[in-house]
Amino acid sequence: MQKGLFITFEGGEGCGKSTQARLLADFFEAQGREVVLTREPGGSDGAEDIRALVVKGDVARWDALTEALLMYAARRDHLVKKIIPALNDGKVVICDRFADSTAAYQGYAYGEKALGKETSDALYRMVVGPVRPDLTLMMDMPVETGLERALKRDANVNRYERMGLGFHNRLREAFLKIARNEPERCAVINAARTIPEIRDEILNIVRERLLR
Ligand code: TMP
């Protein structure tokens, strides 16, 4: 079984995941742990190539299943090349998005065209198998605030940021539902606060759940 720690950050657009993932990496490094800070889709050469296919282009470029298969193809490469070897070496892997994003975006937020839970769970079993995050931090904030931040930040607005408010509201609902269904793995973080406040709460959760 995995010897390292696997921590994932999830949430909608502009919720501050990447900043907090970096701060958490700093915390573990200060403790002398070896950290792999990575992201999805991407994190390995092949997966970064696939990332370009999904984040750019027309909103309706892919149907939900094609898109989920691309995400899982990227995830497979990332797992095999980077995540699993690092966990086997006892490292702390901090990943900015993982499979909950597929479950929430392609699995649910597409509404009538979404894959649904059964298909997304089946893909997880087939591609990821027994690997499971030790902790998932669900960064939660009002959709309008997050989108506004993301649109200000990104010169090249990605495909998902151009999807409507209905899509993003369903997305938030999906992440919260996942957290409710798996409370032992997930912690919901109120991300509508200052960076240090959020960091302190995350560090408390990490100490309590993973370092005792
Ligand atoms: P990022 O903005 O967090 O870097 O992620 C890129 C986009 O990819 C983001 O808008 C969410 C989307 N995404 C999915 O739709 N499904 C997935 O499985 C993952 C990992 C990301």
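Throughout, residues of each chain are indexed from 1 in the direction in which the sequence is written. With the structure being a predicted model, the display of local features is reserved for residues of pLDDT at least 70 and the display and counting of side-chain atom pairs for 80 or more, all residues being used for whole-chain, interface and lining totals. Computation of side-chain values: all heavy atoms of the structure, hydrogens and water removed.

A. Structural detail: helix α3 (residues 64-88). In the structure, α3 departs most strongly from a straight axis at Leu79, where the bend amounts to approximately 50°. Positive phi appears at Gly90, one or two residues downstream of α3, with a value of about 85°. Bend at a given residue is defined as the angle between two axes, one fitted to the seven residues that end at that position and one fitted to the seven that begin there. Here a helix means four or more residues in a row that DSSP labels H or I, a strand means two or more in a row labelled E, and each is numbered from the N terminus.

B. Structural context of the pairing of strand β4 (residues 135-140). Partly exposed residues are those whose accessible area sits between 20% and 50% of the maximum for their type, while under 20% is buried and over 50% is exposed, using a 1.4 Å probe and protein chains only. Of all six residues making up β4, six are buried, and the element is well covered by its neighbours. What you see with β4 is no split at all: Leu135, Leu137 and Met139 on one side and Thr136, Met138 and Asp140 on the other are buried throughout. Strands are treated as partners if at least two bridges between them are detected by DSSP. In terms of strand pairing, strand β1 (residues 5-11) meets β4 through five bridges, oriented parallel. If you follow Phe9 over to β4, its bridge partner there is Leu137. Direction of pairing for β4 relative to strand β5 (residues 186-190): parallel, over a ladder of five bridges. Across the sheet, residue Asp140 finds its bridge partner in β5, namely Asn190.

C. Quick peek at the sheet that holds strand β2 (residues 35-39). Taken together, five strands build an open sheet; the order of strands is β2-β3-β1-β4-β5 and the sheet is parallel. Both outer strands of the open sheet, β2 and β5, are each paired with one neighbouring strand and no more. Along the sheet, successive strands turn relative to each other by an average axial angle of 20°, direction set aside. Only the contacting stretch of a helix is used when fitting its axis, a line to C-alpha atoms as for every element, and angles between N-to-C directions run 0 to 180 degrees.

D. Spatial organisation of the site of the ligand. Summary of the distance rule: residues count as near a molecule or strand when at least one heavy atom falls within 4 Å of that molecule or strand. Around the ligand there are 15 residues in total, and Glu13, Arg51, Arg97, Thr102 and Gln106 lie nearest to it. Identification of polar contacts relies on pairs of N or O atoms within 3.5 Å, with a donor-acceptor requirement for protein atoms, meaning one able to donate a hydrogen and the other able to accept it, and with residues adjacent in sequence counted only if both atoms are side-chain atoms. Residue Arg75 places a side-chain N or O atom 3.2 Å away from an oxygen atom belonging to the ligand. One nitrogen or oxygen atom from the side chain of Thr102 is found 2.6 Å from an oxygen atom belonging to the ligand. Under the convention used here, a 1.4 Å probe and the Shrake-Rupley method define accessible areas, while residue burial counts only the protein chains that appear. For the ligand, the protein covers 94% of the area, taking 480 Å² as the surface of the free molecule. Ranked by residue count, the leading element in the shell around the ligand is helix α4 (residues 99-109), at four residues. Three classes are used, and their members are as follows: Ala, Val, Leu, Ile, Met, Phe, Trp, Tyr, Cys and Pro are nonpolar, Asp, Glu, Lys and Arg are charged, and the others, Gly among them, are polar. Considered class by class, the residues forming the shell around the ligand number five nonpolar, four polar and six charged.

E. View of the pairing of strand β3 (residues 92-96). The buried count for β3 comes to five of five residues, which makes it a mostly enclosed element. A two-sided burial pattern is seen for β3, the buried positions comprising Val92, Ile94 and Asp96 on one face and Val93 and Cys95 on the other. As paired elements, β1 and β3 share five bridges and run parallel to each other. Looking at the pairing, Phe9 lines up with Asp96 of β3. Across five bridges, β2 lies against β3 in parallel orientation. Note on β3: the bridge partner recorded for Arg39 is Asp96.

F. Representation of the pattern of salt bridges. Should a side-chain nitrogen of Lys or Arg be within 4 Å of a carboxyl oxygen of Asp or Glu, the pair is scored as a salt bridge. If you walk through the whole model with that rule in mind, you get 16 salt bridges. For Arg159, the salt bridge is made with Glu67, and the minimal N-O distance between the two is 2.9 Å. Of this pair, Arg159 sits in the loop between α6 (143-153) and α7 (165-181) while Glu67 sits in helix α3; the two residues are 92 residues apart in sequence, bridging distant segments of the chain. For the pair shown, Arg159 and Glu67 are each scored as buried.

G. Main features of the packing of α6 against α7. Closest axis-to-axis distance for the α6/α7 pair is 10 Å, and the angle between their directions is 115°. Judged by the twist between their axes, the crossing of α6 over α7 is right-handed. Residues Val143, Glu144 and Leu147 of α6 touch α7, and the partners they reach there are Leu165, His168, Asn169 and Arg172. Of the residues in the contact of α6 with α7, the class split is three nonpolar, two polar and two charged. Crossing handedness: left-handed means the near helix sits turned counterclockwise from the far one by under a right angle, and right-handed means the same turn made clockwise. In what follows, a contact means two residues having at least one pair of non-hydrogen atoms within 4.5 Å.

H. Summary view of the packing of α4 against α7. One way to put it is that α4 packs onto α7 with a least axis distance of 9 Å and a crossing angle of 130°. Taken together, the axes of α4 and α7 are oblique relative to one another. Considering how the two elements wind past one another, α4 and α7 form a crossing that is right-handed. Residue-level contacts link Asp100, Ser101, Ala103, Ala104, Tyr105, Tyr108 and Ala109 of α4 to Phe167, Arg170, Leu171, Glu173, Ala174, Phe175, Lys177 and Ile178 of α7. In the contact of α4 with α7, the residues fall into 10 nonpolar, one polar and four charged. Angle categories: roughly parallel below 35 degrees, roughly antiparallel above 145, roughly perpendicular from 65 to 115, and oblique for all the rest.

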